[in-house]
Amino acid sequence: MVKPTTAPARVLSDDEIADIAVAAMYAEADLTPKPGLVDQRGGGAHSDMDVAMLHRSAEALRDALTECASTARASAITMGLRARIGAIGRAGEAAMLAATGGVNTHRGALWALGLLSAGAAADPQDPVGVAAQLAALSDPHQAAPTSHGARARRRYGATGAKGEAQSGFPHVRLYALPALSAARNSGADESTARLAALLALIAHLDDTCILHRGGVTGLSAVQSGAGGVLGAGGLQTPEGRQRFVELDRICRSRRLSPGGSGDLLAATLFLDAVHMRVGV
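Summarised in this report is the structure supplied together with it. (Residues numbered from 1 in each chain as written. Predicted model: local features only at pLDDT ≥ 70, side-chain atom pairs only at ≥ 80, totals over all residues. Heavy atoms only, no water.)

### Describing the overall build of the protein
The number of helices and strands found in the protein is 13 helices and zero strands. Counting from the amino terminus, helix and strand elements in the protein follow one another as α-α-α-α-α-α-α-α-α-α-α-α-α. Across the 280 residues that make up the protein, the buried fraction comes to 51%. Partitioning the intrachain contacts of the protein with sequence separation of at least 6 by distance along the chain shows that 71% fall at a separation of at least 24. (Helix = DSSP H or I, 4+ residues; strand = E, 2+ residues; numbered from the N terminus. Buried < 20%, exposed > 50% of the residue type's maximum accessible area, 1.4 Å probe, protein only. Contact = heavy atoms within 4.5 Å.)

Structure, rendered in structure tokens:
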């Protein structure tokens, strides 16, 4: 008996990988409504951002994401590669800040998508595995982080974006991607499915953006609110929609932004698109 053969995964070009990453950031920005995050309605918990700015920011990162892919392609995962990826990331961050007038719109997304773009180029069948190996290596040229997220990690013991990548993006794999798939399979439209993925992230992630602004009390309120929306059937039920309105009110009135979850939604949409393109 002849065993069926498995077709090899399609190889994506560097430009294709960057296109997918930029499209994922656009999709996250455009998704409406989102609790506390920038969307088509306005800035949410942010007074210094809007959707147009997020679009400019995403475009400003295109070259860096292309370079992450091209640098990692057929390269061994070494300290040298990690240093090169780090240098590309710092140049990408500078381009982002120039495009936004100094507003940090996508630092977390750049970290996640830069690593995943490198992973998609190095091994299209396991971009997460490559990203985790790269994240586990220290960048010899990186200064001690001073961001709000870094301070929240130190104060509250959260793993943050670095720990998420080093662990292989568990919140994306265990919560967001399954929620996205389940919602699609239930007949939900794409926006509703993506919102389900975002809510799954918010409900489970110790989001350092929320911790920075609202501490443990704020994080607990937002996680509980997101879990309540999902438990009530999400935006596909009247109770779920009512609970979502309350969650959105809490985020806006207390200026609590689940920005880390937004970044991981972009990572979720990137991996979803890569999986569909390469046939894994």
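### Looking at helix α12 (residues 238-253)
Taking 1.5 Å of rise per residue, the 16 residues of α12 would be expected to cover 22 Å, and the 23 Å separating its terminal C-alpha atoms lies within 8% of that figure. On its buried face, α12 is in contact with α10 (190-204) and α11 (208-231). Where α12 terminates, the next one or two residues include Arg255, which has phi positive at roughly 55°. (Expected span 1.5 Å × (residues − 1).)

### What about the pattern of salt bridges?
The final tally for this structure, using the stated rule, is 15 salt bridges. Taking the shortest distance from any N to any O, the salt bridge between Asp248 and Arg252 comes out at 3.2 Å. A residue pair is termed a helical-turn pair when its members lie 3 or 4 positions apart in one helix, as Asp248 and Arg252 do in helix α12 at four residues. Judged by relative accessible area, which is 8%, Asp248 ranks as buried. When salt bridges with common partners are traced through the structure, they connect Asp39, Arg41, Asp248 and Arg252 into a single cluster. (Salt bridge = Lys/Arg side-chain N within 4 Å of Asp/Glu carboxyl O.)

### What about helix α5 (residues 107-122)?
With 16 residues, α5 extends 23 Å between its outermost C-alpha atoms, agreeing within 8% with the 22 Å of an ideal straight helix rising 1.5 Å per residue. The element α5 is extensively covered by neighbouring structure, given that 12 of its 16 residues are classed as buried. When α5 is considered as a whole, its buried residues turn out to be Ala109, Leu110, Ala112, Leu113, Gly114, Leu115, Leu116, Ser117, Ala118, Gly119, Ala120 and Ala121. Those residues of α5 that are buried lie in contact with α1 (14-30), α3 (62-72), α4 (79-100), α6 (127-136), α8 (160-166) and α13 (259-278).

### A look at the packing of α1 against helix α2 (residues 51-60)
At a minimum axis distance of 9 Å, the contact between α1 and α2 shows a crossing angle of 170°. With respect to their mutual orientation, α1 and α2 come out roughly antiparallel. Side by side, α1 and α2 meet where Val22, Met25, Tyr26, Ala29 and Asp30 of the first sit next to Val51, Leu54, His55, Ala58 and Glu59 of the second. Of the residues that constitute the contact of α1 with α2, the class distribution is seven nonpolar, one polar and two charged. (Axes fitted to C-alpha atoms, helices over the stretch in contact; angles between N-to-C directions. Parallel < 35°, antiparallel > 145°, perpendicular 65-115°, else oblique. Nonpolar A, V, L, I, M, F, W, Y, C, P; charged D, E, K, R; others polar.)

### Quick notes on the nonpolar core
Here is a general trend for soluble globular proteins: nonpolar side chains tend to be buried in one another's company. Met25, Leu65, Leu113, Leu116, Phe169 and Phe270 are the most contacted members of the largest nonpolar core, which has 74 residues in total. When near neighbours in sequence (up to four residues on either side) are disregarded, Leu113 contacts Ala21, Met25, Leu65, Ala266, Ala267 and Phe270. The next biggest cluster of nonpolar side chains, apart from the first, holds seven residues, and it includes Ala29, Met49, Val51 and Met53. (Core = buried A, V, L, I, M, F, W, Y, C linked by side-chain atoms within 4.5 Å.)

### Regarding unusual backbone geometry
Following Thr32, the chain continues to Pro33 via a peptide bond in cis, the omega torsion being 0°. Tracing the chain through its elements places Pro33 in the loop between α1 and α2. Of note in the backbone geometry, Phe169 takes a positive phi value of approximately 50° without being a glycine. For Phe169, the position within the fold is in the loop between α8 and α9 (170-185). In this structure, Arg255 takes a positive phi of about 55° despite not being glycine. As for its position among the elements, Arg255 is in the loop between α12 and α13. Assessed through its relative accessible area of 40%, Arg255 is described here as partly exposed.

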